[in-house]
Amino acid sequence: MIGPSSSHTAGAARIGKVVRQIFGEQPTQVDIFLYESFAKTYRGHGTDIALVGGLLGMGPDDSRLSESLKIAHENGMEVLFVPKKEKAEHPNMVRMDVSNGTHALSVTGISIGGGNIQISELNGFKLNLTLGIPTIIIVHQDVPGMIAKVTQTLSNFGINIGTMTVTRESKGEKAIMIIEIDQPDIGNLLEEIKELDDLYSATFFK
Amino acid sequence: MFHSIEELVQLSNQLGSVSEAMIQVEMETSGQDRQVILNHMKNNLAVMKQSVDEGIAGVESVTKLTGGDAKRMDDYLNKGQTLSGPTLLKAVRNAIAVNEVNAKMGLICANPTAGSAGVVAGVLTSITETRALSLEQQLEFLFTAGAFGLVIANNASISGAAGGCQAEIGSSSAMASAALVAISGGSPDASAQAVAITLKNMMGLICDPVAGLVEVPCVKRNALGASQAYISADMALASICSVIPPDEVVAAMYKVGVQMPSSFKETAEGGLADTPTARRLEKEIFST
């Protein structure tokens, strides 16, 4: 990895990258709310460049990380950092609100040490995603039959579901499926799921 | 899977070594085959060695707060007249090297974290030279260190922001001491004793980075942590045991971390970070 702190730099880059992957594309507007140790030391630790580097798709060992703020600016990504004074559920916590004009996503991530992360909130839904197990995250419109279509596709690929969480903003609005599966290899499952109607994004983490 | 040091020692006794227990658990949880896991660790090892070499050659951080000490230590070692002896001081030099590279945003391998990356890499590269360790033995060292690090991370913390520096450099030093015992022919239980002895001495260590940067006191703490790893390992190899069992030491370390005020947990609000010199440096660095 590159950067002085695994929890403040590598973990931050991972959170940024996960947000980018769930969002499905590069956002144009990013508001980053930093809590506790993240808020107090983000400049010294390079947490700012790591989060933005992750949003640009860089990993924790990407040599371009130190240039990320400049690259973001050149790519038309507007970034605002807001250090918060409130207590948080964890000393290294960040909430990122990203949007691109047509859709928006809010993700809270915590960096638990050694570069490991947890996602604790997606669009206001509380969850506990460690991404240590193969996980599929699907953001979709809340319409009847969506869960059946997705699970049928998984079944066609012979993929076994370990746990599944389905949650939504409100009736008929945007919904999220988080599916932990047993196999690390899913072939071209995502391509097939992305063919479904009413789907915003489908991401696989292993 | 193992959840405590006691379970890790039991599993290691069954499988022949701590390293083997770690590899088996990694295969089980990741679903990857043995060769993939070994290759991944070989890559980590290569990064560690490269960062040691880079640091000894002489680096300087962006803020200029740190850099050049690994080279100073190397020059001192080459004069051949040291108090602590070359094996220990090479570990100290190599640990400084890695953390100086870390401070200048170079490529390092976090083990368990970036702020504490010098200890395991520094100790491993020094004992490799002294004992002419094979590649297999070097990997055994890293898997052994990783196994104990995993237990500490799962039962306490390895993050300075969550548990203070005892959780960070304390953990890395404990991991390195366990690995030293293992590759010196000590039993899994002796490795566990080394972990306990090291963590006990690091308990209460605060995380107080000057200007919020992972430079001061982090680089020198890695050097001293590497030296402690050696002493604890020698104590364990001499059959000295911790009166408080290793798992209880880890639990105690976690409790101390929870009780520690947040000013001592990587917020740059207390300790060395709150000295007049630290505040002056902070102003100078961030005014530009």
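Rules and cut-offs
Within every chain, residues take consecutive numbers counted from 1 along the sequence as written. Each chain takes a letter, starting from A, and each ligand takes a number, starting from 1, following the order in which they are written. Local features are withheld for residues below a pLDDT of 70 in this predicted model, meaning they are given only at 70 or higher, and side-chain atom pairs are given and counted only at 80 or more; totals for whole chains, interfaces and linings count all residues. In computing side-chain values, all of the structure's heavy atoms are included and hydrogens and water are not. UniProt positions are given in the numbering used here, feature names are shortened, and annotations may be inferred rather than shown by experiment. Burial classes: relative accessible area under 20% of the type maximum marks a residue as buried, over 50% as exposed, and values in between as partly exposed (1.4 Å probe, protein chains only). Only DSSP runs of H or I with at least four residues qualify as helices, and only runs of E with at least two residues qualify as strands; both kinds are numbered from the N terminus onward. DSSP calls a pair of strands paired once it identifies at least 2 bridges connecting them. Think of each axis as a best-fit line through the C-alpha atoms, taken over the contacting stretch in the case of a helix, with angles from 0 to 180 degrees between the N-to-C directions. Each angle is binned into one of four classes, with values under 35 degrees roughly parallel, values over 145 roughly antiparallel, values of 65 to 115 roughly perpendicular, and all other values oblique. Two helices cross in a left-handed way if the nearer one is turned anticlockwise from the farther one by less than a right angle. They cross in a right-handed way if the turn is clockwise. Contact definition: two residues touch when any of their heavy atoms are within 4.5 Å. Charged residues are taken to be Asp, Glu, Lys and Arg, nonpolar residues to be Ala, Val, Leu, Ile, Met, Phe, Trp, Tyr, Cys and Pro, and polar residues to be all remaining types, Gly included. Put simply, two rings from Phe, Tyr or Trp (the six-membered ring, in Trp's case) pair if the centres are within 6.5 Å, and we call them stacked under 30 degrees between planes, edge-to-face over 60, tilted for the rest. Criterion for a charge above a ring: Lys NZ or Arg CZ within 6 Å of the ring centre, and within 35 degrees of the ring normal. Two parts placed together each lose some accessible area; with a 1.4 Å probe, that loss summed over both constitutes the buried area. When a carboxyl oxygen of Asp or Glu is within 4 Å of a side-chain nitrogen of Lys or Arg, the pair counts as a salt bridge. Within 3.5 Å is the distance limit for a polar contact, defined as a pair of N or O atoms, with the added protein rule that one can donate a hydrogen and the other accept it, and that residues adjacent in sequence qualify only through two side-chain atoms.

With an unreviewed UniProt entry as reference, chain B is termed L-serine dehydratase, source organism Vagococcus entomophilus. Its UniProt record gives chain B the following Cofactor (unreviewed entry) comment, quoted word for word: "[4Fe-4S] cluster". Turning to chain B, the UniProt record has this under Catalytic activity (unreviewed entry): "L-serine = pyruvate + NH4(+)".

Peer 1: How would you sum up the pairing of strand E10 (residues 199-205) of chain A? Please name residues and give values.
Peer 2: On a regular strand, one side chain projects to one face of the sheet and the next to the other, so that they alternate. Residues and elements named next belong to chain A. Across the 7 residues that make up E10, a large majority, 6, are buried. When strand E7 (residues 135-141) meets E10, the two strands line up antiparallel, connected through 6 bridges. The residue of E10 that forms the bridge with Thr135 is Phe205.

Peer 1: Go over the packing of helix H5 (residues 86-103) of chain B against helix H6 (residues 117-131) of chain B with me, naming the residues and quoting the values.
Peer 2: Residues and elements named next belong to chain B. For the pair H5 and H6, interaxial distance at closest approach is 7 Å and the crossing angle is 140°. Taken together, the axis directions place H5 and H6 in an arrangement best described as oblique. Here the hand of the crossing between H5 and H6 comes out right-handed. Across from Thr87, Lys90, Ala91, Arg93, Asn94, Ala95, Val98 and Asn99 in H5, the residues of H6 making contact are Ala117, Gly118, Val119, Ala121, Gly122, Val123, Thr125, Ser126, Glu129 and Thr130. Per-class residue counts for the contact of H5 with H6 are 7 nonpolar, 8 polar and 3 charged.

Peer 1: Go over the packing of aromatic side chains with me, naming the residues and quoting the values.
Peer 2: For the structure shown, the criterion picks out 1 aromatic pair over all chains. The lysine or arginine in question, A:Arg95, covers the ring of A:Phe33, its NZ or CZ lying 4.4 Å from the ring centre.

Peer 1: Let's hear about the interface of chain A and chain B: which residues, and what values?
Peer 2: Counting residues at the interface gives 22 residues for chain A and 25 residues for chain B. For the pairing of chain A and chain B, the buried interface totals around 1800 Å² over both sides, and the portion due to carbon and sulfur atoms is 60%. Among the residues of chain A in contact with chain B, A:Met1, A:Pro4 and A:Lys40 are the three that bury the most area, contributing 27% of the side total. Viewed at the interface, chain B and chain A are joined by 1 salt bridge. Where chain A meets chain B, there are 7 residue pairs in polar contact (both at pLDDT 80 or more). Those elements giving two or more residues to the side of chain A that touches chain B turn out to be helix H1 (6-23), helix H2 (36-45) and strand E4 (104-113) of chain A. Looking at which element gives the most residues to the side of chain A that touches chain B, the answer is H2(A), with 6 residues. Among the residues forming the side of chain A that touches chain B, the class breakdown is 7 nonpolar, 12 polar and 3 charged.

Peer 1: Got a sec to walk through the pairing of strand E9 (residues 174-181) of chain A? Specific residues and values, please.
Peer 2: Residues and elements named next belong to chain A. Taken across its 8 residues, E9 has 8 buried, putting it largely inside the fold. Note: E7 against E9, 7 bridges, orientation antiparallel. Residue pairing for E9: Thr135 is matched across the bridge by Glu180. Inspection of the sheet shows strand E8 (residues 161-168) paired to E9 by 7 bridges, in the antiparallel sense. Within the sheet, the bridge partner assigned to Ile161 lies in E9 and is Ile181.

Peer 1: So what about the environment of B:Val181? Which residues, and what values?
Peer 2: Residue and element names in this part refer to chain B. Mapped onto the elements of the fold, Val181 is located in helix H9 (residues 165-183). Note: C-alpha distance between Val181 and Met48 (133 residues apart in sequence) is 20 Å. Leaving out residues up to four positions away in the same chain, Val181 has contacts with Gly186, Ser187, Ala190, Ser191, Ala194, Ala233, Ala236 and Leu237.

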